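Summary of structural features
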Amino acid sequence: MTEKWAAFTRQVRKNRLLFLMATAVLVWYAVFRYVPYWWNIIAFKDFQWGLGFQNSPWIGLGNFRALFRDPEFYKVLRNTLVISGLKLAVSFPFPILLAILLNEVFHAAFRKTVQTVIFIPFFISWVIYASILSAILSPSSGMLNFLISSLGGKPIYFLASEAWFRAILVISDLLKNSGYYTVIYLAALAGVDEEVYEAAICDGANLFQRIRHITLPGIAPVITILFILKLGQILTVDFEQVYILYNPMVYSVGDVIDTFNYRQGIQGGRFSYTTALGLFNSTIGFIMVLSSNWVLQKLTDNGLW
Amino acid sequence: MKKLTCLSLCLFLLSSAFLFAGGGAETKQKVSLRIAGIPEATGNVEGSVFMASLKTKFPDVEFKWEPMLYSAINEKMPVLMASGDLPDILQGNVQTYLPQLVAGNLIAPLDEALAKVGKDIVANQRDGQLAFGQYGGKQYAIANQYLLKYFAQMIRMDWLEKLGLKVPVTMDEFREVARAFTLKDPDGNGKQDTYGTSFRQNVNFIDSFFHAYGVAPGHHQAGMWRVRGGKQTNDWVQPQMKEALLNLASWYKEGLIAPESLTYDWNNWWAQYLQNKVGMWYHQPARLPEMNATLKKAGVENAKMWPIDPPKGPYGQGTTNEGQPWGTFFAPKNVMKAVEVFNYTYTQDFYLASKGQGDAYYAPKAEVGANGWPVFYTAAEMADATSNYETRRKEIMYSKVWTSFSIENPSQTKNWANRDLAANVSQQYKNTQGPETTAGNLLADKWAMTTTKTVPVPADAKYFVNLQTKFREMASQIVSGKNADQVWNDWIAFYNANGGPEIEAEVNKLIPVK
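Residues numbered from 1 in each chain as written. Chains lettered and ligands numbered in written order. Predicted model: local features only at pLDDT ≥ 70, side-chain atom pairs only at ≥ 80, totals over all residues.

Our next topic: the overall build of chain A. When you go through chain A residue by residue, the secondary structure sums to 16 helices and zero strands. On C-alpha atoms alone, chain A measures out to a radius of gyration of 24 Å, which is more than a quarter above the 19 Å that the 2.2 N^0.38 rule sets for 305 residues. Looking at the 305 residues of chain A, the share that counts as buried comes to 27%. Within chain A, counting contacts between residues at least 6 apart in sequence, those at least 24 apart form 66% of the total. (Helix = DSSP H or I, 4+ residues; strand = E, 2+ residues; numbered from the N terminus. Rg over C-alpha atoms; globule rule 2.2 N^0.38 Å. Buried ≥ 20, exposed ≤ 12 C-beta atoms within 10 Å, placed from the backbone. Contact = placed C-beta atoms within 7 Å.)

In structure tokens form, the structure reads like this:
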């Protein structure tokens, strides 16, 4: 033990700057990610103003019972699952496809230009992005409706349409974030040995065979990790995106757990109730991560741990 | 020798005690008062005349300014309440937060403090103002002086004149005018890009079109309530509400309402009026000079948005008086001192010392008049593009702490005990108001309808947010053309299953029918 401790302190002294930098991250995690766990207790209490965290009475599973009896909960749960599912089905594979395509482009300048152009929207905040979207989708002055009208169609009020709202969420998410994930996959592809490709070409493998047998297995661990993490967030739809774009006309299809939680908790002050919802959300996420990790380990030999 | 030593020692101890006692008095701990206001933006509050006059009057108080931006108040207040660490003087929405604040003992009852150190607050109130801060028979908040009674129906008179139309009276006539505003190019730009009227994200701020049907959403209040059949009832679930929504739906379907306004926020909504695109407006007449001046600056020389009577419908006509949802709370710890400080801001001394900077809409000039009283910009100066009014208004708006003397109509001062103060404040306001505001305020006085549920009830805390969300969803869906019968029936079922009857029972118990 003493020897191990001595070795550890030697490491710390030797790499003190690295440890210092890591400490900042650990402190951030401790303060903003782990300390708040303690407050999950109010999910089992009837939190009352004035009595505070400590003195509010225990009510067992009362908040969970209220949650599961609330018809609004089932509406937002359904919306969340549908939107998350759509995003997973569309937004998840798209960057993989894009990365593979870009990987096959030999013209470096073209590849880098495309990479930059698709990466830029990631840095635009949802507030700005939503303003641009509103302008493009406007039924009276929007570019898209101008096109529809020019082709003889009737303008569509996209942001107020129950039929279109989820599609807008998915497409806008795709356009905004796919560049970011594409860069992750490209980084993973950079690790695949060029000699393997050369050997495959010598052996007569065509493009699709190289993609299937070299490229995809090369980035499979990254795909697996990102997929597991996405499944862990199945009940978390980008709050900012939905909150900025939704309106009473599309509550029935666009109101999700996070926006419901915000209205009930932050605006309505029902902290115990929404903590119960948050805990439910986290528990499902945790189960999804564990189970998907187990399944993928069995199927592909890749996983988070 | 021993005696001398003892005597010396005693003298030393006595003198030390005396010295320490004296020193203690000199370094007496200041009372610290935390003040939380809700400005639209943060300005130089600490260095303002407003704060300086407080500091001069109360040298024994250390003031700490903790602003919460108006735009973030809905998020900040619940978190602040959950922390249990409320500022000593806190501005907030009484309608929304009073039950929770009282239930949690986070604020103090004020009856004793008002009797001892709050006489000027009580003496310089308008009619019934204190009632807006009462709960369970006790005074828990002081409602802001200004009253959100002054809403009126407005119309572009210059457009009416240009199209050769009369001022509309009935709902049908309003519709004819809206049709002309939409189809006959009143702005003369050769395009069909104008509209009769507009929504502001939902149906909440178009109440004049609802009162014609004997109901109203009630702006952003906790519903609009009226006595029907000897009981307190919520307008949101009356059959006339469905009729009013169907009327708006037919307007919307015909294209008489700006099509995108169901998703407009405040800025987009306000901008379309300033861009000369919408002809009918329901809002506060106090904003009329600003709108007309902006339109004129943009080149619409004859711009004249002007107040008129609200549309007359099958069940009456009216506008909504919000009463006073905003007020000031006091934390229990330093309640006496806090009320004493607050009381000072209701005195003539403070009004003069702070040079009139306790106003809601208007800004006093930097220099006071020859008689020592503040001088406000006139309506003409406010409209004049070359005056420094706008800069000054922002400077004052963002550096004030609260608004003790803000009125929107000179008649609001009629009950003030200090007649000198009342006369001067009234006169200043008469000077600031343009003819359109004066005319609008008179119409608001005539038509304003007040909800009979003036204070919140405990059940609001549990159910109101869900009901409000669902009501707005239902209203938007009917207006936009969904199956009205289905949507309405779903709403009624939701209301009955999600706390509507509980709120109604509490309202009828706590606010008896008079």
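Take the overall build of chain B next. Scanning chain B for helices and strands turns up 21 helices and 14 strands. Based on the C-alpha atoms only, the size of chain B along its principal axes is roughly 115 × 60 × 35 Å. Across the 514 residues in chain B, those meeting the buried criterion constitute 48%. Within chain B, residue pairs in contact and separated by at least 24 positions form 77% of the contacts whose partners lie at least 6 positions apart.

All right, on to the domain arrangement of chain B then. Residues and elements named next belong to chain B. As assigned here, chain B comprises domain 1 (31–145 + 326–406) and domain 2 (152–321 + 450–510). Inter-centroid distance (C-alpha atoms) of domain 1 to domain 2 is 31 Å. On the domain 2 side, the residues contacting the 14 residues of domain 1 number 13 residues. Elements with a contribution of two residues or more to the side of domain 1 that touches domain 2: helix 4 (94–103), strand 4 (134–135) and helix 15 (379–383). When residues of the side of domain 1 that touches domain 2 are assigned to their parent elements, the largest contribution, five residues, is made by helix 4. Counted by class, the side of domain 1 that touches domain 2 contains ten nonpolar, four polar and no charged residues. (Domains from an automatic or database assignment. Nonpolar A, V, L, I, M, F, W, Y, C, P; charged D, E, K, R; others polar.)

Between the first and last C-alpha of helix 16 (residues 271–300) of chain A there are 42 Å, a value that for 30 residues agrees with the 44 Å anticipated at 1.5 Å per step. What helix 16 of chain A keeps buried is the set Phe-271, Ser-272, Tyr-273, Thr-274, Thr-275, Ala-276, Leu-277, Gly-278, Asn-281, Ser-292, Asn-293 and Leu-296 of chain A. Residues of helix 16 of chain A that are buried sit in contact with helix 4 (62–69), helix 12 (207–232) and helix 15 (257–267) of chain A together with helix 3 (73–83) of chain B. (Expected span 1.5 Å × (residues − 1).)

All right, on to the confidence of the model for chain B then. Residue and element names in this part refer to chain B. Residues at a pLDDT of 70 or more form 93% of chain B, whose mean pLDDT is 86. Per-element averaging of pLDDT across chain B places helix 1 (residues 2–26) at the bottom with 53 and helix 8 (residues 171–183) at the top with 98. Within the model, pLDDT remains below 50 along residues 21–26, and this stretch shows zero contacts once partners closer than five positions in the same chain are excluded. Both confidence scores are given for the complex: pTM 0.78, ipTM 0.73. (pLDDT = per-residue confidence, 0-100.)

Residue and element names in this part refer to chain B. Structurally, the position occupied by Thr-451 is in the loop between strand 14 (448–450) and helix 19 (458–479). Distance in space between the C-alpha atoms of Thr-451 and Thr-320 is 8.1 Å, their sequence separation being 131 residues. Those residues in contact with Thr-451 that lie beyond four places of it in its chain are Gly-218, Gln-221, Gly-223, Met-224 and Trp-225.

Looking now at the interface of chain B and chain A. Counting residues at the interface gives 27 residues for chain B, matched by 24 residues for chain A. Mapped onto the side of chain B that touches chain A, the elements with two or more residues apiece are helix 3, helix 4 and helix 19 of chain B. With eight residues, the single largest contributor to the side of chain B that touches chain A is helix 19 of chain B. Taken together, the residues of the side of chain B that touches chain A sort by class into ten nonpolar, 13 polar and four charged.

Moving on, we come to the sheet that holds strand 6 (residues 142–143) of chain B. Residue and element names in this part refer to chain B. Strand order across the open sheet formed by five strands is 2-1-3-13-6, with mixed pairing between neighbours. Of all the strands in the sheet, the pair left with one neighbour each is strand 2 (61–65) and strand 6. Where strand 1 (residues 31–36) lies against strand 2, five bridges are found, and the strand directions are parallel. Opposite Arg-34, over in strand 2, you have Lys-64 as the bridge partner. (Pairing = 2+ DSSP bridges.)

The next thing to look at is unusual backbone geometry. Glycine aside, the phi torsion of most residues is negative, and most peptide linkages are trans. Residue and element names in this part refer to chain B. In this structure, Asp-185 is a non-glycine residue whose phi angle is positive, near 50°. In this structure, Asp-185 sits in the loop between helix 8 and helix 9 (208–211). The exposure class assigned to Asp-185 is partly exposed, which follows from the 16 C-beta atoms found within 10 Å. A positive phi angle, close to 70°, is found at Asn-276, a residue other than glycine. Tracing the sequence through the fold places Asn-276 in the loop between helix 11 (266–274) and strand 10 (280–283). Residue classification places Asn-276 among the buried residues on the basis of 21 C-beta atoms within 10 Å.

Before going further, it helps to spend a moment on helix 2 (residues 49–57) of chain B. Residues and elements named next belong to chain B. All buried positions along helix 2 are accounted for by Phe-50, Met-51, Ser-53 and Leu-54. Each buried residue of helix 2 sits inside an arc of 160° when the element is viewed along its axis, so together they form one side. Structural note: helix 2 exposes Lys-55 and Thr-56 on the side pointing more than 90 degrees away from its buried face. The inward-facing, buried residues of helix 2 abut strand 2, helix 13 (335–344) and helix 14 (348–353). (Arc of directions from axis to C-beta.)

The domain boundaries assigned to chain A delineate domain 1 (1–35) and domain 2 (64–300). Distance from the C-alpha centre of domain 1 of chain A to the C-alpha centre of domain 2 of chain A: 35 Å.

Another point: the pairing of strand 3 (residues 89–93) of chain B. Residue and element names in this part refer to chain B. Of all five residues making up strand 3, four are buried, and the element is well covered by its neighbours. Pairing of strand 1 with strand 3 involves two bridges; the strand directions are parallel. What sits directly across from Ile-35, in strand 3, is Ile-89. The pairing of strand 3 with strand 13 (residues 326–330) spans five bridges and is classified as antiparallel. By the bridge assignment, Asn-93 is partnered in strand 13 with Trp-326.

This paragraph deals with the sheet that holds strand 11 (residues 305–308) of chain B. All names here are of chain B. Pairing is antiparallel in the open sheet, where three strands are placed in the order 10-7-11. Where the open sheet ends on each side, the last strands, each with one partner, are strand 10 and strand 11. With direction set aside, neighbouring strand axes in the sheet form an average angle of 35°. Pairing between strand 7 (residues 152–156) and strand 10: four bridges, direction antiparallel. Note on strand 10: the bridge partner recorded for Ile-155 is Met-280. (Axes fitted to C-alpha atoms, helices over the stretch in contact; angles between N-to-C directions.)

Attention now moves to the environment of Val-203 of chain B. All names here are of chain B. Secondary-structure assignment places Val-203 in the loop between helix 8 and helix 9. Considered as a pair, Val-203 and Ser-261 are 58 residues apart in the sequence and their alpha carbons are 9.8 Å apart. Sequence-distant contacts of Val-203, that is, excluding residues within four places in its chain, are made with Pro-217, Leu-248, Ala-475, Ser-476 and Val-479.

By size, the foremost hydrophobic cluster in this structure holds 141 residues, and its most contacted members are Leu-98, Leu-101, Ile-107 and Phe-330 of chain B. If we skip the residues at most four places from it in the chain, Leu-101 of chain B touches Trp-49 of chain A together with Met-81, Leu-106, Ile-107 and Phe-329 of chain B. (Core = buried A, V, L, I, M, F, W, Y, C linked by C-beta atoms within 7 Å.)

All names here are of chain A. At a closest axis distance of 9 Å, the pairing of helix 10 (residues 162–190) and helix 12 adopts a crossing angle of 120°. Between helix 10 and helix 12, the angle falls in the class oblique. Relative to helix 12, helix 10 is oriented so that their crossing is right-handed. Where helix 10 abuts helix 12, its residues Ile-184, Tyr-185, Ala-188 and Leu-189 lie against Thr-215, Gly-218, Ile-219 and Val-222. For the contact of helix 10 with helix 12, the per-class residue count stands at six nonpolar, two polar and no charged. (Parallel < 35°, antiparallel > 145°, perpendicular 65-115°, else oblique. Left-handed = near helix turned anticlockwise from the far one by under 90°.)

Residue and element names in this part refer to chain B. With respect to the helices, strands and loops of the structure, Glu-381 is situated in helix 15. For Glu-381, a count of 15 C-beta atoms within 10 Å translates into the label partly exposed. Sequence spacing of Glu-381 and Thr-432 is 51 residues, and the spatial spacing of their C-alpha atoms is 8.8 Å. Not counting residues within four places of it along the chain, the set of residues in contact with Glu-381 comprises Ser-387 and Tyr-389.

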